[in-house]
Amino acid sequence: MALCGGVGAMALPSELIVHIFSFLSDRDKLRASAVCSRWRECLFYPALWTELKLRIGGGGCSSSDETPKLEFLMRKFGSFVRELQLDDAQHKERWRDAVATYLDQVLCVFTSIRNNRNLQKLSLYGDTFILQQEGLLDSSHLHLIHQGDKKINEIQQLFMEVLSNSRQLRWLSCSFMLGLVTPCSLSCLSNPSAETLQHLSLLDHQLGPLVSPSELDRLSNLHSLALDFTDFTSELCGLLASPRRTPLHRLSLLLNGATLEFKSLEGTATEDNWKALVRVSANLRVYVMALEVDSSELLRVLKPSLPLERLHLDSYSMPVTDATLELISQQYNKTLTHFLLLRDGPDFPDLSINRNEDPLVLLAWRCTQLAVLVIHGYTVWSHNLVAISRLRGSSLRVLTVSEDSIDFDPDQSVCMEGDPVHNLVKEVSLGLGRVWQPCLDSSVFLSEPTQHFHHELRAFSMGM
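We now turn to the structure provided with this report. (Residues numbered from 1 in each chain as written. Predicted model: local features only at pLDDT ≥ 70, side-chain atom pairs only at ≥ 80, totals over all residues. Heavy atoms only, no water.)

**As for the nonpolar core**
For soluble globular proteins, the rule of thumb is that nonpolar side chains tend to be buried together.
Right, on to step 1. Ranked by size, the top nonpolar core spans 115 residues in total, and within it Leu122 and Phe339 carry the most contacts.
Right, on to step 2. The element contributing the most residues to this core is helix 5 (residues 95-113), with 9 residues.
Right, on to step 3. Here this core spans two domains, since at least three of its residues come from each of domain 1 (14-48) and domain 2 (49-203).
Right, on to step 4. In this structure phenylalanine 339 touches Leu311, Leu313, Leu325, Ile328, Leu360, Leu363, Leu370, Val372, Leu373 and Val374, once residues within four positions along its chain are discounted.
Right, on to step 5. Grouped together as the second largest cluster of nonpolar side chains are 10 residues, Tyr125, Phe176, Met289 and Leu457 included. (Core = buried A, V, L, I, M, F, W, Y, C linked by side-chain atoms within 4.5 Å. Buried < 20%, exposed > 50% of the residue type's maximum accessible area, 1.4 Å probe, protein only. Helix = DSSP H or I, 4+ residues; strand = E, 2+ residues; numbered from the N terminus. Domains from an automatic or database assignment. Contact = heavy atoms within 4.5 Å.)

Shown next, in the form of structure tokens:
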């Protein structure tokens with residue numbers, strides 16, 4: 001190949017330079033753009049920026065000083081980016097400063113993409129714990145920020161313009177973005193995007209239903225859906241069971257005990273609704289996270305015909321009962337593949353007390369498809385942990401149990417030689433057919449639950 005103007009990287013054709021740069025990360029692309037004007041010209045070729053992942057409020061844009069950099073990125077790429085992922089990171093600043101920065105940066109992003117007709121994927125996640133010392137931040141705090149009400153109105157209007165101007169949107173996810181989504185937002189989605197949309201996720205702690213039956217009826221080609229459990233009404237379930245629609249493959253539901261104070265479970269999907277939905281969507285699988293929910297409420301919503309594949313029970317003051325685990329292991333023995341049982345409390349309840357068989361062992365025995373088991377905050381006896389590993393063997397791809405949760409029966413320890421922890425590790429490793437260790441890092445279990453739900457539902461909805 002003939003090179004013009006000498007030899008070396010500078011003599012390569014622009015098309016080849018663009019192809020080489022396509023293998024760089026976004027951060028490395030921006031660094032490379034500082035080398036020379038020719039590289040900068042090649043690096044801002046639209047084909048290199050079809051996907052953009054941004055973090056505001058922390059990490060990459062941790063303060064108002066980072067806003068100009070965000071403005072530069074969005075001015076360059078916002079009009080043609082096809083996939084945009086925006087995460088609002090946990091804030092280290094005072095809440096007033098954090099919210100002011102949040103509003104400015106979200107305004108910047110949506111102003112830049114308002115007329116983007118190539119947008120195919122829009123994924124938004126907002127931090128719900130900005131006010132860590134003063135409670136949850138909600139929209140009532142916005143009027144305390146300078147021009148807060150005005151800015152939030154602008155953001156809501158811009159978001160509706162983005163939906164209205166879109167023409168080929170396939171993925172729309174908005175989780176806990178403060179003041180962004182309203183019950184009217186989805187009505188602005190253009191008809192072409194209503195036809196192409198395959199995934200919808202709308203979650204908000206404070207607001208009522210964000211998806212009306214009439215709007216869901218427009219979205220006839222949805223493959224996956226994520227909602228607050230209280231918003232998944234009998235009427236919505238009935239619409240999804242229509243044979244005129246594309247069968248639903250993935251459904252993610254968040255049941256938050258804190259919202260049950262002002263969001264009732266009355267009117268949610270019944271057993272008959274679930275039966276009708278499964279008849280039409282035979283391959284449907286459901287992911288449920290229950291956050292600080294009383295066991296009586298859990299027993300109320302876990303219907304027998306619900307095709308539950310993944311269940312995450314997370315609590316602080318409301319431990320799960322053995323009766324709840326018994327119901328789960330009996331009803332979902334053919335579908336359950338992921339089970340997370342987490343509790344961030346001062347004590348470690350023993351679910352096997354006054355029982356001949358440990359409910360976790362019974363769950364491992366009955367749920368023949370179980371591949372992921374994560375436990376923290378409940379007592380797990382060492383001999384029961386060995387039993388679980390032997391029952392499921394190598395098919396249990398993930399067995400994560402915190403070291404603090406593991407206890408040893410003193411009567412059995414007397415009969416065994418050597419260190420009990422070493423013996424446990426050896427026996428569980430043999431049962432699983434691979435090296436196993438108890439988890440020493442409690443932060444693995446104690447991540448922000450709604451953030452975990454957002455990331456997990458994304459992977460679940462994509463079939464991962």
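**Quick look at the side chain of serine 224**
Right, on to step 1. Here serine 224 shows up in strand 6 (residues 224-228).
Right, on to step 2. Classification of serine 224 by relative accessible area gives buried; the value is 3%.
Right, on to step 3. Of note is the side chain of serine 224, whose polar atom sits 2.7 Å from the side chain of histidine 199.
Right, on to step 4. Ignoring anything within four residues of it in the chain, the contact list for serine 224 reads Gln198, His199, Leu200, Leu248, Arg250 and Ser461. (Polar contact = N/O pair within 3.5 Å; in protein donor to acceptor, adjacent residues only side chain to side chain.)

**A look at the environment of serine 315**
Right, on to step 1. Tracing the sequence through the fold places serine 315 in strand 9 (residues 308-315).
Right, on to step 2. It is 9.3 Å that separates the C-alpha atoms of serine 315 and glycine 257, two residues lying 58 residues apart in sequence.
Right, on to step 3. When neighbours within four sequence positions are excluded, serine 315 is seen to be in contact with Glu292, Leu342, Arg343, Asp344 and Tyr378.
Right, on to step 4. Polar side-chain contacts of serine 315 include one of 3.1 Å to the backbone oxygen of methionine 318.

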